[in-house]
Amino acid sequence: EDQVTQSPEALRLQEGESSSLNCSYTVSGLRGLFWYRQDPGKGPEFLFTLYSAGEEKEKERLKATLTKKESFLHITAPKPEDSATYLCAVHRFTGTYKYIFGTGTRLKVLA
Amino acid sequence: SAVISQKPSRDICQRGTSLTIQCQVDSQVTMMFWYRQQPGQSLTLIATANQGSEATYESGFVIDKFPISRPNLTFSTLTVSNMSPEDSSIYLCSAQTRGTNTEAFFGQGTRLTVV
């Protein structure tokens, strides 16, 4: 069964304290892995797409990496404005296209 | 990327009534998706809407309860029918743009409260 698991569920960091969020997956027909940021009361905001193992993408303080079984979202020297829920999703095709979302990591960065 | 406008942004409805949520995309898109998100939880796919064909519903969701229209490549609606308090949730519209990229973009969501 297709499954996407994110850890930790919640993370509190001091400003400047770097850390990583994990997204592990078991999916057949994987076409891509995505990271989204979601602020309270808003829809998910697209951050990155990763298509193959070994691929890396960077945007400001965020860096996403992908292996055959998991992805990491590294946050370097976070700021309070990085506080949000970070969602991982996989896009798979097995006759039909479908996105499967993880349960998210709620990140709180303290000043 | 695509900009997705969703209306209404929030509503409070009486049980037994129906609400139609509209989703407008600023460019033509191949696939549109409707999700439900309970507070503090992740996204649950309700159905996939392709232009010119019937929507494909996920397990646990039926057309009579959540009828969907997709009249063209930039617009879709989701109706929540015969509502009960259990339907209170955030409903999100999403679209996958055309081309080689497969990322999906989201509207801001509709926060529905059924009383």
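Residue positions within a chain follow its written sequence, with the count starting from 1. As a convention, the first chain written is A and the first ligand written is 1, with the rest following in written order. Under the rules for a predicted model, residues below a pLDDT of 70 receive no local features and side-chain atom pairs below 80 are neither given nor counted, while totals for whole chains, interfaces and linings still include all residues. Side-chain figures throughout are based on the complete set of non-hydrogen atoms in the structure, without hydrogens or water.

A. A look at the overall build of chain B. The secondary structure content of chain B amounts to zero helices and eleven strands. Think of it this way: any DSSP run of H or I at least four residues long counts as a helix, any run of E at least two long counts as a strand, and we number them from the N terminus. Going residue by residue from the N terminus, the α and β elements of chain B occur as β-β-β-β-β-β-β-β-β-β-β. For this measure, only C-alpha atoms enter the radius of gyration; the expected value for a globule follows 2.2 Å times N^0.38, where N is the number of residues. Taking 13 Å as the expected radius of gyration for a compact globule of 115 residues, we find that chain B reaches 13 Å, a close match to that expectation. Across its three principal directions, the C-alpha atoms of chain B cover 45 × 25 × 20 Å. Within chain B, buried positions represent 51% of all 115 residues. Contact criterion: two residues are considered in contact whenever any of their non-hydrogen atoms come within 4.5 Å of each other. Of the contacts made within chain B by residues no fewer than 6 positions apart, 54% connect residues no fewer than 24 positions apart. Only carbon and sulfur atoms are counted for the fraction: they give 47% of the accessible area of chain B, which is about 5400 Å². Positive charges are assigned to Lys and Arg, negative charges to Asp and Glu, while His and the chain termini are left out of the count. By convention, charge coordinates are those of NZ in Lys, CZ in Arg, CG in Asp, or CD in Glu. Once the 8 positive and 8 negative side-chain charges of chain B are each reduced to a mean point, those two points are 6 Å apart. Think of it in three bands: residues with accessible area under 20% of the maximum for their type are buried, residues over 50% are exposed, and the middle band is partly exposed, with areas taken using a 1.4 Å probe on protein chains only. Accessibility throughout is a Shrake-Rupley quantity obtained with a 1.4 Å probe, and a residue counts as covered only by protein chains that appear here.

B. Looking closely at the state of the cysteines. Disulfides are defined in this document as cysteine sulfur pairs within 2.5 Å. Scanning the entire structure with this criterion turns up two disulfides over all chains. The residue that forms a disulfide with A:Cys23 is A:Cys88, at a sulfur-sulfur distance of 1.9 Å. Taking the sign of the S-S torsion, about -55° here, the bridge from A:Cys23 to A:Cys88 comes out left-handed. Of the two residues, A:Cys23 is situated in strand β3 (residues 19-26) and A:Cys88 in strand β9 (residues 84-93); the sequence distance between them amounts to 65 residues. With a sulfur-sulfur separation of 1.8 Å, B:Cys23 is cross-linked through a disulfide to B:Cys93.

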